[in-house]
Amino acid sequence: NYILAIGNIDLLTDWECILEQIKACELSTIDIYNYPAVSQGSGATDGIIDLYFKDPESTHGKAAIEGNTYGNGKLYADVNTKIKNVNIRALALTHMKYGKAYTNDDYTTTMRSGAENLYLNACWDISERDNLNFNLVQGFSDEKIRGYSTFSLKFVNRQRWVDTNTRY
């Protein structure tokens, strides 16, 4: 029940995919807060894992794709650049999952889900003491669960969200 954050801003994306792709050499600091209701003013969680990236010396990016013949797959792309005193990082990730289960009483359940998330951060170091940090997160998820037997059940859950914040 932890929250993943980048630069003290909650990351509202697929944490597992991001943690699979980030390398330790890209990070300058990792702060872990236990019982953040006291230290960070964030209740209802066991803790916060806060990642801080190193400033890039040049523009770099990476992409990863993963899949299998059962219909499951992930796509991840990440770009980071520094132009004078502005650091820009963008992440895009998506995944598709498919599953099927059978029970002893001839009941079949299938599940299909997909999600896409976009993350954009711009950090402007105005001076040694002043900086402006802008984050934009957009996400979409679509999940469908079906059950088949003498009767059929269908559950659909779709969500879209946008979160933005600016910190000086």
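That block above? That's the structure.
Visitor: Can you explain the sheet that holds strand β7 (residues 86-102)? Please cite residues and give values.
Guide: Taken in spatial order, the six strands make up an open sheet running β5-β6-β7-β8-β9-β10, and their pairing is antiparallel. If you trace the sheet from one side to the other, it starts and ends with β5 (60-67) and β10 (152-167), each paired once. With strand direction ignored, the average angle separating the axes of adjacent strands in the sheet is 5°. In this sheet, strand β6 (residues 73-83) lies alongside β5 in antiparallel orientation, the contact comprising eight bridges. Along β6, the bridge assignment pairs A63 with A77.

Visitor: I'd like a rundown of the nonpolar core, residues and numbers included.
Guide: Within the largest apolar cluster, 14 residues are counted, with the highest numbers of intra-cluster contacts made by I6, L11, I18, I22, Y76, L91 and Y119. When residues of this core are traced back to their parent elements, those giving at least two are β1 (2-6), α1 (15-21), β4 (47-53) and β7.

Visitor: Give me the pattern of salt bridges: which residues, what numbers.
Guide: For the structure on display, the rule yields seven salt bridges. Note that R112 and D142 form a salt bridge whose closest N and O atoms lie 3.5 Å from each other. Highlighted residues: R112 in strand β8 (residues 108-125) and D142 in strand β9 (residues 131-148), separated in sequence by 30 residues. The salt bridge partner of R160 is E116, with a shortest N-O separation of 3.9 Å. Highlighted residues: R160 in strand β10 and E116 in strand β8, separated in sequence by 44 residues. E116 sits in the partly exposed class, given a relative accessible area of 23%.

The rules behind the values
Residues numbered from 1 in each chain as written. Predicted model: local features only at pLDDT ≥ 70, side-chain atom pairs only at ≥ 80, totals over all residues. Heavy atoms only, no water. Pairing = 2+ DSSP bridges. Helix = DSSP H or I, 4+ residues; strand = E, 2+ residues; numbered from the N terminus. Axes fitted to C-alpha atoms, helices over the stretch in contact; angles between N-to-C directions. Core = buried A, V, L, I, M, F, W, Y, C linked by side-chain atoms within 4.5 Å. Buried < 20%, exposed > 50% of the residue type's maximum accessible area, 1.4 Å probe, protein only. Salt bridge = Lys/Arg side-chain N within 4 Å of Asp/Glu carboxyl O.

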